[in-house]
Amino acid sequence: MIIQYILITRFNLDYKKIVKETFELDPEEWLEDRINLFFDYCYPSILHQSDQNFNWWVFFDTQTSSEVIEKIREKDKAGLIDFKFSSWGKFRENILLELHSIPSSYDYLLNARVDSDDALSKFNIEEIKKYLSAKINQFPDCFILNPLSGLILETKNAILFQKKLNNNPFQVLVQKHGKIINSVFTFQHQTASKHFQVFNISTIPFWLVVIHGGNWLNVKSGRPLIFEQKTLMKHFEFLSLPESRVSKMKIFKEFLNYCEGLINKTISKIKAFIK
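Residues numbered from 1 in each chain as written. Predicted model: local features only at pLDDT ≥ 70, side-chain atom pairs only at ≥ 80, totals over all residues. Heavy atoms only, no water.

(A) Focus on the packing of helix H1 (residues 15–23) against helix H2 (residues 27–47). For the pair H1 and H2, the least separation of the axes is 9 Å and the interaxial angle reads 100°. Classed by the angle they form, the pair H1 and H2 counts as roughly perpendicular. Across from Tyr-15, Lys-16, Val-19, Lys-20 and Phe-23 in H1, the residues of H2 making contact are Pro-27, Glu-28, Trp-30 and Leu-31. Across the contact of H1 with H2, the residue classes break down as six nonpolar, no polar and three charged. (Axes fitted to C-alpha atoms, helices over the stretch in contact; angles between N-to-C directions. Helix = DSSP H or I, 4+ residues; strand = E, 2+ residues; numbered from the N terminus. Parallel < 35°, antiparallel > 145°, perpendicular 65-115°, else oblique. Contact = heavy atoms within 4.5 Å. Nonpolar A, V, L, I, M, F, W, Y, C, P; charged D, E, K, R; others polar.)

And the structure:
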């Protein structure tokens, strides 16, 4: 079975308008911060994938200056990035055109999402392909693989949280050859299960969401990891948490808050059941 794997990242589509209106920030300052986040977290996680048989399409806004593009090209020492250009309005259409232009020497086409400020586990692509190959006869012609488990990094205190997310932003759309109708961006990831059959995978921590203060929707959540080094060394070896920024007391307080939340949810469910 031949698998064609495409990883897709939206970098800064329509950033000049969206950043100014949504965050009330200078778009070029935001872009500089985004480039730093990209090369601190996202890029090294793709560079260190255990399975290197994939293509990485990174979509930049058509108004991005040539100086910025050249700066990113220079930082892309490994030549991982396939530079693509689009706008917010044409993005979905452009992806489908690109997918249809791929030579048809494959059995299954996988296209996956990763945001420019997030990261993938070292074994993300390898594990997804392994899961697909082991169960291929059980799947329809088009479906979503949802890497359910991952980590959330709150950068302010360098605390890691373990989390499971349904319909998460790291979904992989799988389509059989000759059945390429959609891309992983055709629908919002939050509503994917309304359009596709979804299969969750939770064999490893697949991803890392970075909470850095400039996130649009993401907030810290999940179970705080008290002993995180083993997980980091195995799955996110590129990531190091400065000991000077990690307070064990803060981690312990986060863990107590998490336990308190679980207790409150349990009490609410019991009360609702009694009623």
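From this point on, the discussion continues.
(B) Seen up close, unusual backbone geometry. Phi at Asp-14 takes a positive value of approximately 50°, unusual for a residue other than glycine. Along the chain, Asp-14 turns up in the loop between strand E1 (3–10) and H1. The partly exposed category is assigned to Asp-14, whose relative accessible area is 25%. For Asn-167, which is not glycine, the phi dihedral falls at a positive 50°. Structurally, Asn-167 is set in the loop between strand E8 (159–164) and strand E9 (172–176). Taking relative accessible area as the criterion, Asn-167 reaches 16% and is therefore assigned buried. (Buried < 20%, exposed > 50% of the residue type's maximum accessible area, 1.4 Å probe, protein only.)

(C) Main features of the packing of H2 against helix H3 (residues 66–75). Relative to each other, H2 and H3 sit at 20°, their axes nearing to 12 Å. Comparing the axis directions of H2 and H3 gives the class roughly parallel. The handedness of the crossing between H2 and H3 is right-handed. Contacts between H2 and H3 involve Leu-31, Glu-32, Ile-35, Phe-39 and Tyr-43 on the former and, on the latter, Val-68, Lys-71, Ile-72 and Lys-75. Its residues assigned to classes, the contact of H2 with H3 comprises six nonpolar, no polar and three charged. (Left-handed = near helix turned anticlockwise from the far one by under 90°.)

(D) Focus on the sheet that holds strand E2 (residues 55–61). In space, the seven strands of this open sheet follow the order E3-E2-E1-E4-E9-E6-E10, with mixed pairing throughout. Only two strands of the sheet have a single partner each, and these edge strands are strand E3 (81–86) and strand E10 (198–201). Across the sheet, the mean angle separating the axes of adjacent strands is 25° when strand polarity is ignored. Summarising the sheet, E1 and strand E4 (residues 108–113) pair through six bridges and their orientation is parallel. (Pairing = 2+ DSSP bridges.)

(E) Spotlight on empty space enclosed by the protein. Summed over the entire model, instances satisfying the criterion amount to two cavities of 30 Å³ or more. Reported here for the largest cavity is a volume of approximately 40 Å³. Class assignment for the residues of the lining of the largest cavity results in six nonpolar, three polar and no charged. Roughly 40 Å³ of volume is contained in the second largest cavity. As for the second largest cavity, its lining consists of Arg-10, Arg-92, Arg-113, Phe-185, Phe-187 and Gln-188. Class assignment for the residues of the lining of the second largest cavity results in two nonpolar, one polar and three charged. (1 Å grid on protein atoms, 1.4 Å probe; cavity = no way out; pocket = protein on both sides within 12 Å on 5 of 7 lines; lining within 4 Å. Points joined across faces, edges and corners; volume = space filled by probe spheres on them.)

(F) Quick look at a negative patch on the surface. A cluster of acidic residues, Asp-26, Glu-28, Glu-29 and Asp-33, forms a negative patch at the surface. On the secondary structure map, Glu-28 appears in helix H2. Relative accessible area serves as the criterion here: at 38%, Glu-28 is assigned to the partly exposed category. (Patch = residues over 30% accessible without salt bridge, like charges linked within 9 Å, V, L, I, M, F, W, Y side chains within 5 Å. Areas by Shrake-Rupley, 256 points an atom, 1.4 Å probe, with all protein chains shown as cover. Salt bridge = Lys/Arg side-chain N within 4 Å of Asp/Glu carboxyl O. Lys, Arg positive; Asp, Glu negative; His and termini not counted. Charge placed at Lys NZ, Arg CZ, Asp CG, Glu CD.)

(G) Seen up close, helix H5 (residues 124–135). Spanning twelve residues, H5 covers 17 Å between terminal C-alpha atoms, matching the ideal 16 Å at 1.5 Å per step. Along H5, the residues that are buried comprise Asn-124, Ile-125, Glu-127, Ile-128, Lys-129, Tyr-131 and Leu-132. For H5, the secondary structure elements touched by its buried residues are E1, E4, strand E5 (119–120), strand E6 (142–147), E9 and E10. (Expected span 1.5 Å × (residues − 1).)

(H) Fine view of the packing of aromatic side chains. On inspection of all chains with the given rule, the structure shows 19 aromatic pairs. Ring geometry for Phe-91 against Phe-185: centres 4.9 Å apart, planes inclined by 75°, an arrangement best described as edge-to-face. Taken together, the residues span a long stretch of sequence, with Phe-91 in helix H4 (residues 91–100) and Phe-185 in the loop between E9 and E10 at a distance of 94 residues. In this pair, the class of Phe-91 matches that of Phe-185, namely buried. Looking at Arg-73, its charged tip hangs above the ring of Phe-83, at a distance of 4.1 Å from the centre. In this structure, Lys-75 is placed above the aromatic ring of Phe-39, and the distance from its NZ or CZ to the ring centre is 5.5 Å. (Phe/Tyr/Trp six-rings, centres within 6.5 Å; stacked < 30°, edge-to-face > 60°. Lys NZ or Arg CZ within 6 Å of the ring centre and 35° of its normal.)

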